[in-house]
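Geometric and topological summary
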Amino acid sequence: MFDKVLVANRGEIAVRVMRACEELGVDTVAVYSEADKNGGHVRYADEAYNVGPARAADSYLDHDAIIDAAKRSGADAIHPGYGFLAENAEFAGKVEATDGVTWVGPSADSMEALGEKTKARKNMRAADVPIVPGTTDPVEDVSEVREFGEEHGYPIAIKAEGGGGGRGMKIVRSEDEVEDQLESAQREGEAYFDNANVYLERYLENPRHIEVQIIADHHGNVRHLGERDCSLQRRHQKVIEEGPSPALTDELREKIGTAARRGADAAGYYNAGTFEFLVEEDPEREAGELLDKETDFYFLEVNTRIQVEHTVTEELTGIDIVKYQLRVAVDEELDFAQDGVDLEGHAMEFRINAENAANDFAPATGGQLETYDPPGGIGVRMDDALRQGDDLVTDYDSMIAKLIVHASSREECIARSQRALAEYDIEGIPTIIPFHRLMLEDDAFVAGTHTTKYLDEHLDPDRIAEAQEQWGTEAAGGAEGEEDVVERDFTVEVNGKRFEVNLEERGAAMPAVSESGGGQQGPPQPAGGREEETVHAGEGESVTAEMQGTILSIDVDVGDEVEPGDILLVLEAMKMENDVTASQGGTVAEIAVDEGDSVDMGDTLIVLE
Ligand code: MV4
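Residues numbered from 1 in each chain as written. Predicted model: local features only at pLDDT ≥ 70, side-chain atom pairs only at ≥ 80, totals over all residues. Heavy atoms only, no water.

**Considering empty space enclosed by the protein**
Applying the stated criterion to the full structure yields two cavities of 30 Å³ or more. Each pocket or cavity is described by its volume, and for the largest cavity that value is around 50 Å³. Residues from two domains meet in the lining of the largest cavity; each of domain 1 (4–104) and domain 3 (208–471) gives at least three. The computed volume of the second largest cavity comes to approximately 40 Å³. In this structure, the second largest cavity is lined by Ile 210, Val 212, His 224, Gly 226, Glu 227, Leu 248, Arg 253, Ile 256 and Gly 257. Grouping the amino acids of the lining of the second largest cavity by side-chain chemistry returns four nonpolar, three polar and two charged. (1 Å grid on protein atoms, 1.4 Å probe; cavity = no way out; pocket = protein on both sides within 12 Å on 5 of 7 lines; lining within 4 Å. Points joined across faces, edges and corners; volume = space filled by probe spheres on them. Domains from an automatic or database assignment. Nonpolar A, V, L, I, M, F, W, Y, C, P; charged D, E, K, R; others polar.)

Spelled out as structure tokens, the structure:
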């Protein structure tokens, strides 16, 4: 085993990896940016190195700074976690070329081969893994797209060869959209991936998103660890993941798992990875019915990293995937057979994002964890890097923790999750806990008939606002313009019985509440006075980045008139494409960024007047 592992990441995943190291008797090295000096991953590690300023491009993405920290610390391996450099084949290659330092992940060559989607499609087809009907060579001409449309019908997906996640996909609904969408897909491919090549697929209107966890060693052994259903997504951001999928029969599950295993084997893939599939949903399917083995499923792409939601699979299988990543990276052979992998019960992961779901999931712009009291008890796992009193770091993504719940059945898992989310007490910043509680009472989610379009196209936003009202804590609640509400909690005892009393005063001035508390039950910071997510500059609105990422395209020019809801630009972050829209109408006064720029959360993108 390694002696010392550097974890090139932050937050919960850095701590997750270090926990595996700790159990294996391996020393841990953290790297941190200026924004993360007090980060939980720094607290956890045996030693820690500053790798640069808050801006990710100057710290967590700085190849040389990270490799330098590995050398200075004497680490003999680098684990990248997810996001940041995890799927960067160039960085993986540099680590492979560094004497005495091992890359904990797939080979740089296979990362590159699977990163190029037409190549991946060819490889999978050759391995008898079904791919979405379409081309495996780039298309260049409008006429090729039209011919494809005539043969297979519309809609068509035009996808960038270098794309993936939510990036670089255009939908063509009819012949007259072909020219614009082809041009747009090529331009985005060029701007973002330095590769204008695009290919075609038949566009599936209502797929389920099923992904299969793979672990493979350097000796040709590949195991699949079952699937996760990630159909509950919002604008390509997963919010709840679960396993096993509530929609598949065991026969279909086995077919998809076996296909993934075959694909990994054919690609000579090693370490952990995820094979993503689209499964054709039956729109008529009702609660209680399942998709059988005749159902079409298609390979989409491989994620060549440990994923956020690997925890679901760990709970179901009892297999510590991160430990196996480290073991196979030192050439150890997998010590379990495929039929030694048993899935037990049901698991769900809830991403705890510091966002206000009632306000279009706007990320918190700051704040402090005045209260942080996570749930526990049977079947409850918390992956986080937080503790009470921490300031929220807003320079990266908004996910602050993951709650993972395991139970003997999906029904029990839902009840246990409701219990755990009700126990979870966070004050000082908004979170999407109320949204999760809403989903656990939602008919489509509870029936397991929701698809990838459910949140974006079918869920009524008023229900989210109501959930926030019902279950949100002070910092999360309240729509814009609402009067301040001051809340204080007291405990009183009457005739030997305890009563919790909550006093609310509307429109009140903030009372002076002593920070030291003096036995007081109320929060040190009075409620109300929530910060808004958009910054108003004078009469104008400055539209800021909701997360650290890269500008994929700018869809407006200075002087353009925009309406509320119009797309201003597209921000790519953590492999997801996010439309940045105007919350108010106005004239574009300033565009502060260029296509291809890397931006941090909170950076001004566009000013509207
Ligand atoms: C598709 C598709 C339908 N048909 N391809 C979105 C991200 C990218 N990696 C692939 N994606 C999709 N590709 C064809 N031919 C629908 C999606 C899709 C999606 C896929 C997985 C999870 C969520 C999604 C949400 C919207 C669209």
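**Some thoughts on the sheet that holds strand E7 (residues 167–172)**
Strand order in this open sheet of three strands is E7-E6-E8, and the pairing throughout is antiparallel. If you trace the sheet from one side to the other, it starts and ends with E7 and strand E8 (198–202), each paired once. Neighbour-to-neighbour, the strand axes of the sheet open up by a mean angle of 25°, direction not taken into account. Pairing analysis gives five bridges linking strand E6 (residues 156–164) to E7, with the strands arranged antiparallel. Each residue of the ladder has a partner; that of Ile 156, found in E7, is Val 172. Helix H7 (residues 142–152) contacts E6 and E8 of the sheet and is inclined by roughly 10° relative to E8. (Pairing = 2+ DSSP bridges. Helix = DSSP H or I, 4+ residues; strand = E, 2+ residues; numbered from the N terminus. Axes fitted to C-alpha atoms, helices over the stretch in contact; angles between N-to-C directions. Contact = heavy atoms within 4.5 Å.)

**Some remarks on the confidence of the model for the protein chain**
Detailed conclusions should not be drawn from predicted coordinates in areas where pLDDT is low. Chain-level statistics for the protein chain give a pLDDT mean of 91 and a share of 92% at 70 or above. In this model residues 475–482 is a low-confidence stretch, pLDDT under 50, and it forms 15 contacts with partners more than four residues away in sequence or in other chains. (pLDDT = per-residue confidence, 0-100.)

**Side note on the environment of Arg 235**
Relative to the assigned elements, Arg 235 resides in the loop between strand E11 (233–234) and strand E12 (237–238). A relative accessible area of 33% means that Arg 235 is categorised as partly exposed. Here the alpha-carbon distance between Arg 235 and Gly 549, two residues 314 residues apart in the chain, equals 15 Å. A distance of 3.4 Å separates polar atoms of two side chains, one belonging to Arg 235 and the other to Asp 360. (Buried < 20%, exposed > 50% of the residue type's maximum accessible area, 1.4 Å probe, protein only. Polar contact = N/O pair within 3.5 Å; in protein donor to acceptor, adjacent residues only side chain to side chain.)

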